[in-house]
Amino acid sequence: MLVRWSLHAKQRFAERAVMLGINYGELEFAIKKQLIKIKEEKDRIKTIFKIGETVLTAVKIEKKEFIHVLTLWEASEKEVELWKKK
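What counts as what
Residues numbered from 1 in each chain as written. Predicted model: local features only at pLDDT ≥ 70, side-chain atom pairs only at ≥ 80, totals over all residues. Heavy atoms only, no water. Core = buried A, V, L, I, M, F, W, Y, C linked by side-chain atoms within 4.5 Å. Buried < 20%, exposed > 50% of the residue type's maximum accessible area, 1.4 Å probe, protein only. Helix = DSSP H or I, 4+ residues; strand = E, 2+ residues; numbered from the N terminus. Contact = heavy atoms within 4.5 Å. Polar contact = N/O pair within 3.5 Å; in protein donor to acceptor, adjacent residues only side chain to side chain. Phe/Tyr/Trp six-rings, centres within 6.5 Å; stacked < 30°, edge-to-face > 60°. Pairing = 2+ DSSP bridges.

> So what's going on with the nonpolar core? Residues and values would help.
One finds W5, L27, I31, F49 and V69 to be the most contacted residues of the largest nonpolar core, which totals 16 residues. Contributions of two or more residues to this core are made by β1 (2-5), α1 (7-20), α2 (24-33), β3 (44-51), β4 (54-62) and β5 (66-74). Discounting chain neighbours no more than four positions away, the residues touching I31 are W5, F49, A58, K60, I67 and V69. Formed by five residues, the second largest nonpolar core is a distinct cluster that contains I36, I48, A75 and W83.

> So what about the side chain of T47? Which residues, and what values?
Position of T47 relative to the elements: it lies in strand β3. Its relative accessible area of 0% is what places T47 among the buried residues. A distance of 3.0 Å separates a polar side-chain atom of T47 from the backbone oxygen of I36. If we skip the residues at most four places from it in the chain, T47 touches Q34, I36, L56, T57, A58 and K60.

> Outline the packing of aromatic side chains, listing residues and values.
Within this structure, the stated rule accounts for three aromatic pairs. Arranged with centres 6.1 Å apart and planes meeting at 50°, the rings of W5 and F13 form a pair that is tilted. Of the two residues, W5 and F13, neither departs from the other in class, the shared state being buried. Relative to Y24, the ring of F13 has its centre 4.1 Å away and its plane inclined at 25°; by these criteria the two rings are stacked.

> Which residues make up the pairing of β4, and what are the values?
Among the nine residues of β4, eight are classified as buried, and the element is accordingly described as predominantly covered. With eight bridges joining them, β3 and β4 adopt antiparallel strand pairing. Considered in β4, the bridge of R44 is made with I61. Pairing geometry for β4 and β5, over seven bridges, is antiparallel. Paired with K60 across the bridge in β5 is V69.

Here you go:
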């Protein structure tokens, strides 16, 4: 399945890549794996995942052919708690 990135998500990834030392491969694998998947408005899905010691959250649109990542950020305390409960 293809993973597409919005311009905003690419910029957010670039910031985190420098700070956290992560790469697209790790990120795309975690987004596809979807250990924690929360349905949001309409066709948007929030997924929470951990890379290294950092818990991240991504909002995406998922279709049969592709996943379109809209944004990415460090998880909030509430999201980290959801991650720990998994």
